[in-house]
Every structure is written in structure tokens, then in C-alpha cells.
Amino acid sequence: MNKYGLFLGCNMPAIRPDVERAMRLAIPALGIELVDLEGSACCPAFGTFPSADEIASLAVSGWNLSIAEKEGVNSMIQCGSCYSVLRMAREKLVKDEEKRERVNDLLKKAGKYFEGKTCPRHVIDILFNDIGTEKISQSIKKNLKGFNAVVQYPCHSRFPSDVLGFDSPGRPRMLQKLVEALGATVQSYSRELQCCGGAGGFARQAYQDALKFAKKKFDAMVRETQVDFIVVNCITCLMHMEKVQKEFSKEDCEFSIPVFDYAQILALCIGFDPKEVASISIIPRDKVIEKIIGAK
Amino acid sequence: MNDLAKANHNLWKEIMEEDCGDIRHCFNCGTCVSGCPAAEADNPLMIRRLVRMVLLGLDEKLLEDGTPWMCVTCTACEEMCPMGVKPFEVGLAIRRWQTRKDETYLPLATTEIFETGHTQPVEKIGELRKSLGLPEIPPTIAKFSELLKIFQAMLKETEVVKNNDYMFKEGNKK
Ligand code: SF4
Ligand code: SF4
């Protein structure tokens, strides 16, 4: 299937629409058709309905899943927690007949129905397994030669691996290979697999502790690599890994490592306008962008 | 000191759901804590401790305990538990129990989703979206007011909205 439904979620269209633009330009340039999932809502995030009422939560997920199903497409998801929420909801709805019936009773009144015929997929999975690094390397006009990148795997795309995994659970490498396909050197470091700490309630309820947690990661990163920029593939990682650097800098330790979503850096390499695909950031990215555009 | 004579021995039945695995199999190894980001907080999230509280029936203590809400929802614990307990699901089930017992636990974001379909105001940055070459309002539920009404009608049939109906209001949006 080379047609996908683009699931937007909430943060990307509202806070980082340049990532949405990058996806809408770069993915079709690789031969994948993207359709809109009209009328889709919040996934709903784990801290919302899933923390209050499971059936209500599954009904909202079912609402979203049924839209893709009606279009006959798998959905393509960038946000890690949207991916996890929808994948886990689908699993429950497929396996648990009673829950499925209760949810379908609610959905039917809304003119919708869930069968589980299609499945949400993370964009890393689609880029690596459906499109492939070779195709990506052939599709770019600029490359990232000379850059050292580090990658951030979205924690929500790893576990529980039997429900939603697509890469090696203990040693994921797909995002690294996707970045290498653009010509960059990807450097590993000891805390590469530590999550950003930005999702859920940790940063909300214990902000200083969450900052300390993230600081360990960034300290290891600068100590062990020559990082020029970080490549993420989750909207929370993108926003949080910028935000914490700004916070560290308030405490007299300068951190200014640019962060890009993979679709943004891909779109830049394909030749799309940085004003459209990479214009919103807290940590300045201009130098990296200029260098990419200048590369032949 | 916890007085076990006053404990609620049915607490686990009130809280646990099928998806949590069998918490009686938990042998308190701490695997779910060792890989947990939120366990690094000063007042740490420790699922193994919460599991003991549930099994011992310490309902008053558990109702006051805000640590389940610190989970970053990474589900690493679910991957690692050697006993087939689903610590992540246990945390969510405790949140739901707390919300049922005490409405002040109800996440406000649920009311935002009810009102607009989203947790963020996706319809409020039209200018910016347009300047990037995107439709001003994304083609989500934010664009279809009729669908939003149907969505709200669906949610009104659910327990959480029925039980807290004064918090869920339609029409706050233009
Ligand atoms: S990992 Fe499993 S068995 Fe070990 S303490 Fe946590 S819930 Fe209990
Ligand atoms: S899912 Fe929650 S409880 Fe489990 S390891 Fe992640 S943050 Fe900790």
C-alpha cells in the first residue's frame, strides 16, 4: 500500500505546523500518497481520557481509527504518543470483543464503526520498511555530508514491542540508518536510548527533576559525541529537547544543539524551502540550514 | 503506621482491570522502577510500591498519592516486567480509580477534548499555517463543526462525562 492517511494529532498542527508542512511535501516526493483523515480528533493522549475512563478513551481512539479504516488506509503518525495510544487501543479493540461491542455501540450512533481492518503506523516504520533508505538516498538533491548527528528514538515507538514494535526493541537502528541515508554520520552515545522525559506528567509534576533527568542525557551527548544537530521523530521529543536546552542555559551552561524532525531534514535535503519546512524553533537552526542549502 | 486492620481488602477488585495482568504475581523485584524515567524524581513514581498498596488495601493512602500521574507513558516497564504484570496499565488503572473517587483528579484536558476535539488550539494559528502553505484550519474535527457536535453527543454517553457533566460544556467555542 503506498497510500497513507496523515494523522495530525494536536501538537503538530497547532504548535509545529512546519513539521506538518515538511511531511506533506517530503513524503509524497518519495512516491507515497498522503490523504487527510478528515474529522480526526485527539488520539486521546494517555493523560486525558485513558486516565479517566477506558471506554470513553477507546471510543475516541475508535473514532480516529474508523476514519482511516473508512478511507481504506493505514495511518501515518509522527507523534510517539499518538502512535502508542492508537496502536494500543486498536490492539484492545481487536482482541476484546466486549470492549469492541461497547465502543461500536457508541460509534454507531456517531455514524462510525471499527473493525480493525487498517492499522496505525509510525513514520519511521514507513520510511524505513516501505520506502527504504536506497530510495531516500536517490531522491535527495542536497546531503548532510560532514555533519555529525545524534538520533532520538521516540520511546513510545519501542514498547510494548509485541504490540507496536517495528525495530529491534533493545537496539533500534532504523532512525540512524534513515539519517545516514541523507549522508550524515550518526554518533551513538551511552544515553542515546534514554527518553526525553517530556511526555506525560513527569515534566508537568516534577519539572526540576525532569530537567535533571534530561541534563544527564545532554551531558553524555556532548561529552561523547561531536554532535552538530539532533534528529527526532516525535513532536514531544522535538519540543522538549529544545525547551530543556533553553532551561539549562539559564543556569549558566550553554546548550545550543539544533533539533530537527526527520521530515524537516529530509525536506531540506530534497530541496524544499526552509521557510516552509523548518521555520519554527527555540534553538537557532539557521547555520545548519544554510550549510545544507549550500551543499551540492 | 498503616493499620492493616482498617485496610480495604477489596481494593484490588475495585482498581484492577484485565489489561493490568495479575498483580498478585508481582514479587517486588523493582525492574519496573529501575528503568522508569519518573522514578528519578525526588518523590519518585514506583509502580512496585503502588502494586503493594493495592494488594494491601491501603485505599486512603493510595487516593492521596499523586505519583501515578508522573508516568511519561513510555511503557518500558511493561516490556521489562518478568512476571507478566503490566505496570504501565496498573498506573493508568489507579489514575482511573482516583478519578472515579475524587473528581479533582479529572484531567482538565478531557474537557478540552470534549469542547474542541483537541488538546491544543489547532484553529488559532491560521495566519502562520497559511504562511507555510498549509490550510488555515487543519482538516481535523476543528474544521467540521457538525462532526464536533456528533463527537460530543458520543462522549455524553460515557461514564466520565455523565458523572462530571457540569465540567463538560459544549459551545465554548465560537
Ligand atoms: S517489574 Fe513486575 S514483578 Fe517486578 S516489581 Fe515491577 S510489577 Fe512487580
Ligand atoms: S510507562 Fe510510566 S511507570 Fe512505566 S517505565 Fe515508563 S514512566 Fe515509568
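Residues numbered from 1 in each chain as written. Chains lettered and ligands numbered in written order. Predicted model: local features only at pLDDT ≥ 70, side-chain atom pairs only at ≥ 80, totals over all residues. Heavy atoms only, no water.

Our next topic: the overall build of chain A. The secondary structure content of chain A amounts to 15 helices and eight strands. Whereas a compact globule of 296 residues would reach a radius of gyration of roughly 19 Å, chain A reaches 19 Å, a difference of no more than 12%. Expressed as a percentage of the 296 residues in chain A, the buried residues total 67%. Across chain A, contacts joining residues at least 24 apart in sequence account for 77% of those joining residues at least 6 apart. (Helix = DSSP H or I, 4+ residues; strand = E, 2+ residues; numbered from the N terminus. Rg over C-alpha atoms; globule rule 2.2 N^0.38 Å. Buried < 20%, exposed > 50% of the residue type's maximum accessible area, 1.4 Å probe, protein only. Contact = heavy atoms within 4.5 Å.)

So, on to the domain arrangement of chain B. Under the domain assignment used here, chain B contains domain 1 (4-104) and domain 2 (107-167). Using C-alpha coordinates to define each centre, domain 1 of chain B is positioned 31 Å away from domain 2 of chain B. (Domains from an automatic or database assignment.)

In this section: the site of ligand 2. Around ligand 2 sit B:Cys36, B:Pro37, B:Leu45, B:Ile47, B:Cys71, B:Val72, B:Thr73, B:Cys74, B:Thr75, B:Cys77 and B:Phe88, and that is every residue in its neighbourhood. Split by residue class, the shell around ligand 2 holds nine nonpolar, two polar and no charged. (Near = heavy atom within 4 Å. Nonpolar A, V, L, I, M, F, W, Y, C, P; charged D, E, K, R; others polar.)

All right, on to the pattern of salt bridges then. The final tally for this structure, using the stated rule, is 29 salt bridges over all chains. B:Glu40 is paired through a salt bridge with A:Lys216; the nearest N and O atoms lie 2.6 Å apart. Here B:Glu40 is found in the loop between helix 2 (31-34) and helix 3 (47-56), whereas its partner A:Lys216 is found in helix 11 (residues 207-224) on a different chain. A relative accessible area of 35% means that A:Lys216 is categorised as partly exposed. B:Lys149 serves as the salt-bridge partner of B:Glu146, at 3.4 Å between the closest nitrogen and oxygen. Linking B:Glu146 with B:Lys149, this pair stays in helix 9 (residues 145-156), spanning three residues, or about one helical turn. Given the relative accessible area of 52%, B:Lys149 is considered exposed. Taken together, the shared-partner salt bridges connect A:Glu54, A:Lys92, A:Asp96, A:Lys99, B:Asp19 and B:Glu89 into one network. (Salt bridge = Lys/Arg side-chain N within 4 Å of Asp/Glu carboxyl O.)

Residue and element names in this part refer to chain A. With the rule as written, the count across this model stands at zero disulfides over all chains. In this structure cysteine 43 is a free cysteine whose sulfur lies 4.0 Å from that of cysteine 82, the closest cysteine sulfur available. Here cysteine 119 is not cross-linked by a disulfide; its sulfur's nearest cysteine counterpart is in cysteine 82, at 15 Å. In this structure cysteine 119 comes out as buried when scored by relative accessible area, which is 15%. (Disulfide = S-S within 2.5 Å.)

All names here are of chain A. Per the domain assignment, the segments of chain A are domain 1 (2-123) and domain 2 (133-294). Distance between the C-alpha centres of domain 1 and domain 2: 24 Å. Opposite the 26 residues of domain 1 that make contact, domain 2 presents 31 residues. For the pair domain 1 and domain 2, the summed buried surface comes to about 2,500 Å²; carbon and sulfur atoms form 68% of the total. Contact with domain 2 buries area across many residues of domain 1, yet Arg16, Asp18 and Leu30 alone supply 27% of it, more than any other trio. Taken together, the connections running from domain 1 to domain 2 amount to three salt bridges. Among the salt bridges present, the one from arginine 16 reaches glutamate 242, with a minimum N-O distance of 2.7 Å. Seen at the junction of domain 1 and domain 2, the total is 12 residue pairs in polar contact (both at pLDDT 80 or more). At the level of secondary structure, the elements contributing two or more residues to the side of domain 1 that touches domain 2 comprise helix 1 (11-14), helix 2 (17-29) and helix 4 (80-95). Of the residues in the side of domain 1 that touches domain 2, the class split is 15 nonpolar, six polar and five charged. (Buried area = accessible area lost by both parts, 1.4 Å probe. Polar contact = N/O pair within 3.5 Å; in protein donor to acceptor, adjacent residues only side chain to side chain.)

For the rest of this paragraph, the subject is helix 3 of chain B. All names here are of chain B. Three or more residues of helix 3 are buried, namely Ile47, Leu50, Val51, Met53 and Val54. Down the axis of helix 3, the smallest arc covering the buried residues is 160°, so these residues share one side. With its phi angle positive at about 80°, glycine 57 sits one or two positions after the end of helix 3. (Arc of directions from axis to C-beta.)

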